[in-house]
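Chain by chain, the residues run as shown.
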Amino acid sequence: MSLRCLERIGLCAVAGPGIVTVLVFLLDLLGFHVSRFSVLISILIAAAAVWILVRKLPAIVPVREETHKSWGVIAVWLLIWIVLLVVLNAIQNSYWPINTYDAVSTYDARAKLIMEQKTVLLKEYQRPLPPNWYYPPFVPLGLAMFYLVGISSGKILMTILYAGLCILVYVNFRRFVPRKNALLFTLLVASIPYLFSGSLTATTNFPASVYVTLGAIYLITWLKTSNSGHAVVSGLLFGLAGWTRTDSVIFLVAILVGALLIKPTVWKRLFSLFLVGLPGLVPFVIWYLWLRFSAGYSANVPQGSWLPNWAYLAYLMKGMWVMLLTPQKFSVVAPLFLLATWFSFRTRDVENRVVLIGWLFLAGWYACLAALGPSFDLWKLTVYDSGERLLLSVVPILVFTTGIQTTIQRWTESVLAKVESFFKRTRGG
Amino acid sequence: MLLTPNRFSKRLRVDFVLAHPRASYEEKMIARWGDHYLFVQFINSVCSPDGMILLPSPDEYPGPCYVWLVPKFVFPQDAFGERKFVEPSDITHIGVIRGWWPQELGEAPLSVTEESATYGVYDLKNKRFLKYRMVE
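All of these numbers come straight from a predicted model, not from anything done at the bench.

A. Broad picture of the overall build of chain B. What chain B contains, in helices and strands, is 5 helices and 4 strands. In sequence order, chain B lays out its α and β elements as α-α-α-β-α-β-α-β-β. Residues classed as buried in chain B amount to 30% of the 136 residues present. Within chain B, contacts between residues separated by at least 24 positions form 66% of all contacts whose residues are at least 6 apart in sequence.

B. Structural context of the nonpolar core. All names here are of chain A. Core analysis: the largest hydrophobic core is formed by 122 residues, its most contacted members being L161, L237 and V395. In terms of residue count, the dominant contributor to this core is helix 6 (residues 156-174) (14 residues). Excluding residues within four positions of it along the chain, L237 makes contact with A15, Y211, L214, G215 and Y218.

C. Quick look at the sheet that holds strand 2 (residues 93-97) of chain B. All names here are of chain B. What the 4 strands build is an open sheet, ordered 1-2-3-4; its pairing is mixed. Among the strands making up the open sheet, the edge pair consists of strand 1 (53-54) and strand 4 (128-131). Taken together, the 4 bridges between strand 3 (residues 119-123) and strand 4 define a ladder with antiparallel strand orientation. Its bridge partner being in strand 4, D123 is matched across the sheet by R128. In the packing of helix 3 (residues 35-46) onto the sheet, the strands contacted are strand 1, strand 2, strand 3 and strand 4, and the crossing angle to strand 3 comes to about 15 degrees.

D. Layout of the pairing of strand 2 of chain B. Residues and elements named next belong to chain B. Within strand 2, 5 of the 5 residues are buried, which leaves it mostly tucked inside the rest of the structure. Where burial is concerned, the two faces of strand 2 agree: the one with H93, G95 and I97 and the one with I94 and V96 are both buried. Bridge count between strand 1 and strand 2: 2 bridges; the pairing is parallel. Bridge assignment links L54 to a residue of strand 2, and that residue is I94. In this structure, strand 2 lies alongside strand 3, joined through 5 bridges in antiparallel fashion. From the neighbouring strand, V96 faces strand 3, where its bridge partner is G120.

E. Representation of the packing of helix 2 (residues 25-33) of chain B against helix 3 of chain B within the structure. Residue and element names in this part refer to chain B. With their axes 6 Å apart at the nearest point, helix 2 and helix 3 run at an angle of 120 degrees to one another. With respect to their mutual orientation, helix 2 and helix 3 come out oblique. Contacts from M29, I30 and W33 in helix 2 reach H36, Y37 and L38 in helix 3. Taken together, the residues of the contact of helix 2 with helix 3 break down into 5 nonpolar, 1 polar and no charged.

F. Structural view of the environment of P130(A). Here P130(A) lies in the loop between helix 4 (101-117) and helix 5 (138-148). Note: C-alpha distance between P130(A) and S105(A) (25 residues apart in sequence) is 10.0 Å.

G. Up close: the confidence of the model for chain B. Residue and element names in this part refer to chain B. Of the residues in chain B, 62% have a pLDDT of 70 or more, and the chain-wide mean is 69. Within chain B, the lowest mean pLDDT, 45, falls on helix 4 (residues 69-74), and the highest, 86, falls on strand 4. Across residues 1-6 the pLDDT falls below 50, and counting only partners more than four positions away or on other chains, this stretch makes 14 contacts in the model. Contacts of residues 62-83 to residues separated by more than four positions or lying in other chains number 59 contacts, the stretch itself having pLDDT below 50. Across the assembled chains, the prediction reports ipTM 0.78 with pTM 0.89.

Cut-offs applied
Residues numbered from 1 in each chain as written. Chains lettered and ligands numbered in written order. Predicted model: local features only at pLDDT ≥ 70, side-chain atom pairs only at ≥ 80, totals over all residues. Helix = DSSP H or I, 4+ residues; strand = E, 2+ residues; numbered from the N terminus. Buried ≥ 20, exposed ≤ 12 C-beta atoms within 10 Å, placed from the backbone. Contact = placed C-beta atoms within 7 Å. Core = buried A, V, L, I, M, F, W, Y, C linked by C-beta atoms within 7 Å. Pairing = 2+ DSSP bridges. Axes fitted to C-alpha atoms, helices over the stretch in contact; angles between N-to-C directions. Parallel < 35°, antiparallel > 145°, perpendicular 65-115°, else oblique. Nonpolar A, V, L, I, M, F, W, Y, C, P; charged D, E, K, R; others polar. pLDDT = per-residue confidence, 0-100.

Structure below.
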């Protein structure tokens, strides 16, 4: 299968559900209630939209042409592990119903009410509700669509996104690194324990992480290739990230600042291209306008003093690194990223400035929690709970920027070549 | 004591899947949450769909238990366990968990404070306590 074909499948898997839910929501606003018919119409429109979008994307030119014969033992092993993770994810998600308390009480409950009332604009919004009932309806609507067509395992939506993430991370890596490196770093993303466990629950963090990660990766690709299609896809994916979870917007700011710092000369072109894809944010705005004017919702503005709470900020910084350096949660991503930063700093190579985006994502995470955290009574808990989940949108980008860093790339290649030759010798002997 | 989710380890989960490949939604939820799920089902069965049940929030609940998960399951019956989401005059039922009773309503009825009646639902309109019988 060609890389171009893989990219199309990946984009259908990732952008497809997002676009379909947006269309179902817009049809609902126009009076076409949520039904199998509206879902079918939305799927057809979304399929046409993704088809047109992928036709605009250029053919993928791998950094090195590698034939099928050059696969080798290591590449096959890495591929088997990635496929195993996707299969394991599919088995888990198709067997277990949604059962974590927050998913049952909010997203699944909303999905079931959407099924009952045939609308996203539930009558429950006429009274006060817990905060996550006001999140944009991507996850509940996605789950409801599965229930509508008779599939009781709504969590398969997460498996589709997980598989799409693996495919698109691999495809984008192939533009910059050889096949084995691409597979190794894709496996590193797929096997991040917290990301994998996140994909087994039906909450908003994992889908937001998928959209933010891929949106950022496509923008990095655009910075390297200057092909307009990549900026448009990036804009679309960031739009869908906003449609999933509001706090994703902070990473949109981070990536735009990063792009301008890396290539200051292209800002006009970047914004015009990015705006083509950004209408994904329109339904998000409509959703909040509906909440504001129809349901009387007003966003929670953090209460209390705006003076910096130094104890909290210090605790937040410590918490970030404690979490990042916990291998049971985020694997070996943070040490590798620090190594990549060190190499980038030493080489002073313009090509390696991309690690800056990883740092800006970490800064975005820090700024988001620094602004919101003290408004919670239990801010110590917030750092290790909300903070950990928000890190899901940061960590895959750390892997991507590490993987394409030239020194890390060279080292990985030589280590993999040595392991490969060791296997060959063992087999030969 | 309600079965806590921690007791359902990864190993037990795999064993359950292998032993019950065709388990129903109910069976899976009971396997995952044990008495938590059954207690919630009990609440749903004794409350009317338009009823509003008040349950203790985590900080009000006196014992170290996962019982704070219970109100989360009760939705859409307007029970979040968090007082700020509930108008006191709209409350129709009280979820009694280990003898918990909201202070605003004064002394707890005798039926609630009885030693054996630790889990159940108190119907404020009919002044009746419906006791939940543990399965596990």
